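# Architecture at a glance
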Amino acid sequence: MATAATCLWTLAVLRTYVGITSGSDLTQDANLEFIANGVTDLIEKMHGRPYVTRAITEVRSGDGRKWLFVDKRPMTVLSTLTIKRAPSDTTPESITISTGTETDLKRGGIRLIDSVFTKGVGNVTIGYSAGVGAQGAATLPQDVYQAGLDLVKAIYDEKVTGVQAASSVSVGSATFLIKPEYPKHVKDMLASRCPVDVL
């Protein structure tokens, strides 16, 4: 078993971090993978960017301008670009990347040198890679990597081992359980990079 290729952590790193070393605990791999893949997805959606580099195919609508910006940034390489110039076209025009475009990789911008992105609906198809580095690579932002790892452990401890980071308050004969949302340092780090307050 293994985590998704786009997950921030390898299964070996996750096992060590949550304290799985041997024996029957290895049966928890599926739970750990599910949690880690979900946390990675949450972080990337909150921050509006991929961290682990992956290939992406994106269909966009041309607007008659020379520049078009992809959804996932930073872009690491532009691989393919096709434009359907007219609705009746059965074969889109393939743009030569090396001579027909300029790119702004950090902002995810593509500029056509000798033409424009013809107006149309879903008429531009872009193949590119985006992200910061490979799974577990030193190029990944370490604050994101560590806070996400801490969140995986908190969820794993709560859901799988039954350990809950909670406190209780007693009023007379009634006891109320107070459960926090995320560990505070995780919430602070995630929010600091988040374009919108979603926590």
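A short tour of the structure in this document, coming up.

What counts and what doesn't
Residues numbered from 1 in each chain as written. Predicted model: local features only at pLDDT ≥ 70, side-chain atom pairs only at ≥ 80, totals over all residues. Heavy atoms only, no water. Helix = DSSP H or I, 4+ residues; strand = E, 2+ residues; numbered from the N terminus. Buried < 20%, exposed > 50% of the residue type's maximum accessible area, 1.4 Å probe, protein only. Contact = heavy atoms within 4.5 Å. Pairing = 2+ DSSP bridges. Axes fitted to C-alpha atoms, helices over the stretch in contact; angles between N-to-C directions. Expected span 1.5 Å × (residues − 1). Parallel < 35°, antiparallel > 145°, perpendicular 65-115°, else oblique. Nonpolar A, V, L, I, M, F, W, Y, C, P; charged D, E, K, R; others polar. Polar contact = N/O pair within 3.5 Å; in protein donor to acceptor, adjacent residues only side chain to side chain. Left-handed = near helix turned anticlockwise from the far one by under 90°.

## What about the side chain of Thr 40?
By the element assignment, Thr 40 lies in helix 2 (residues 29–47). A relative accessible area of 2% means that Thr 40 is categorised as buried. With near-sequence residues (within four places) excluded, Thr 40 lies in contact with Thr 6, Cys 7, Leu 8 and Trp 9.

## Regarding the sheet that holds strand 2 (residues 67–69)
One open sheet accounts for three strands, arranged 2-6-5; its pairing is antiparallel. Across the chains shown, the open sheet's two edge strands, defined by having one partner strand only, are strand 2 and strand 5 (101–104). Taken pair by pair, the neighbouring strands of this sheet meet at an average axis angle of 20°, ignoring direction. The pairing of strand 2 with strand 6 (residues 109–112) spans three bridges and is antiparallel. Across the sheet, the residue bridging to Leu 68 is Ile 110, located in strand 6.

## A look at the sheet that holds strand 4 (residues 93–94)
With antiparallel pairing, four strands are arranged side by side in an open sheet as 1-7-3-4. Of all strands in the sheet, those with a lone pairing partner are strand 1 (54–60) and strand 4, marking the two edges.

## What about helix 4 (residues 142–159)?
Given a rise of 1.5 Å per residue, 18 residues ought to cover 26 Å, and the 25 Å separating the end C-alpha atoms of helix 4 matches this to within 8%. At its buried positions, helix 4 is contacted by helix 1 (11–18), helix 2 and helix 5 (184–192).

## Considering the packing of helix 1 against helix 2
Two elements in contact, helix 1 and helix 2, have axes whose closest approach is 11 Å; the angle formed by their N-to-C orientations is 105°. The angle between helix 1 and helix 2 falls in the class roughly perpendicular. Two secondary-structure elements touch here, helix 1 through Leu 11, Leu 14, Arg 15 and Val 18 and helix 2 through Asp 29, Leu 32, Glu 33 and Ala 36. Within the contact of helix 1 with helix 2, the residues separate by chemical class into five nonpolar, no polar and three charged.

## Overview of the environment of Arg 85
Note on placement: Arg 85 falls in the loop between strand 3 (75–83) and strand 4. Assessed through its relative accessible area of 24%, Arg 85 is described here as partly exposed. Sequence separation of Arg 85 and Val 124 is 39 residues, and the distance between their C-alpha atoms is 8.9 Å. Setting aside residues no more than four positions away along its own chain, Arg 85 makes contact with Glu 93, Ile 95, Ser 115, Val 116 and Thr 118. Separated by 2.6 Å, the side chain of Arg 85 and the backbone oxygen of Val 116 make a polar contact.

## A few points about the packing of helix 4 against helix 5
The angle between the axes and the distance between the axes are what describe a pair of packed helices. Across the interface, helix 4 lies against helix 5 with an axial gap of 9 Å and an inter-helix angle of 140°. The angle between helix 4 and helix 5 falls in the class oblique. Once helix 4 is placed against helix 5, the crossing between them reads as left-handed. Where helix 4 abuts helix 5, its residues Asp 143, Val 144, Ala 147, Asp 150 and Leu 151 lie against His 185, Val 186, Met 189 and Leu 190. Of the residues in the contact of helix 4 with helix 5, the class split is six nonpolar, one polar and two charged.

## Focus on the environment of Met 75
Note that Met 75 resides in strand 3. Judged by relative accessible area, Met 75 falls into the buried class, the value being 2%. Residues Met 75 and Gly 108, 33 residues apart in the sequence, show an inter-C-alpha distance of 5.3 Å.

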